[in-house]
Amino acid sequence: MNPGSARRRVRDVLVDVASGPWAALYEEDGDWIVRQDGPDALWDAVEEQLGRWHAAGSPAAEEFTVSVTP
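Residues numbered from 1 in each chain as written. Predicted model: local features only at pLDDT ≥ 70, side-chain atom pairs only at ≥ 80, totals over all residues. Heavy atoms only, no water.

Peer 1: Got a sec to walk through helix 1 (residues 42-55)? Specific residues and values, please.
Peer 2: Between its first and last C-alpha atoms helix 1 spans 20 Å; for 14 residues at 1.5 Å apiece the expected length is 20 Å, and the two agree. Phi turns positive one or two residues past the end of helix 1, at G57, with a value near 90°. (Helix = DSSP H or I, 4+ residues; strand = E, 2+ residues; numbered from the N terminus. Expected span 1.5 Å × (residues − 1).)

Here it is, written out as structure tokens:
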């Protein structure tokens, strides 16, 4: 990075294009920063599902099914 240039961050972005909510996250000094906006708290839903996966014993991909519906 050139001296004086803006600090650049790699962001991961999740967007629900159908209903509009979005979440963006990046790491800063060892912490993960999440920003979200829109009609639904999209990142909160991700964390809820991750919690369910952990509660189920963190099964391997071969041990569960993912269904996506409109």
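There is more to say after this.
Peer 1: Just give me the short version of the pattern of salt bridges, but keep the residues and values in it.
Peer 2: Applying the stated rule across the entire model yields one salt bridge. Among the salt bridges present, the one from R52 reaches E48, with a minimum N-O distance of 2.9 Å. Of the two residues, R52 and E48 both sit in helix 1, four residues apart, roughly one turn of that helix. (Salt bridge = Lys/Arg side-chain N within 4 Å of Asp/Glu carboxyl O.)

Peer 1: Describe the sheet that holds strand 1 (residues 12-15), listing the residues and the values that go with them.
Peer 2: Taken together, three strands build an open sheet; the order of strands is 1-2-3 and the sheet is antiparallel. The open sheet is flanked by strand 1 and strand 3 (31-37), the only strands paired with a single partner. For this sheet, the mean angle separating the axes of adjacent strands, direction not counted, is 15°. Bridge count between strand 1 and strand 2 (residues 22-28): four bridges; the pairing is antiparallel. Looking across to strand 2, one finds that D12 is bridged to L25. (Pairing = 2+ DSSP bridges. Axes fitted to C-alpha atoms, helices over the stretch in contact; angles between N-to-C directions.)

Peer 1: Tell me what's going on with a nonpolar patch on the surface, and back it up with residues and numbers.
Peer 2: A surface patch of nonpolar side chains, amounting to about 510 Å² of accessible area, comprises L50, W53, F64, V66 and V68. Relative to the elements of secondary structure, W53 occurs in helix 1. When its relative accessible area of 33% is taken as the criterion, W53 is described as partly exposed. (Patch = residues over 30% accessible without salt bridge, like charges linked within 9 Å, V, L, I, M, F, W, Y side chains within 5 Å. Areas by Shrake-Rupley, 256 points an atom, 1.4 Å probe, with all protein chains shown as cover. Buried < 20%, exposed > 50% of the residue type's maximum accessible area, 1.4 Å probe, protein only.)

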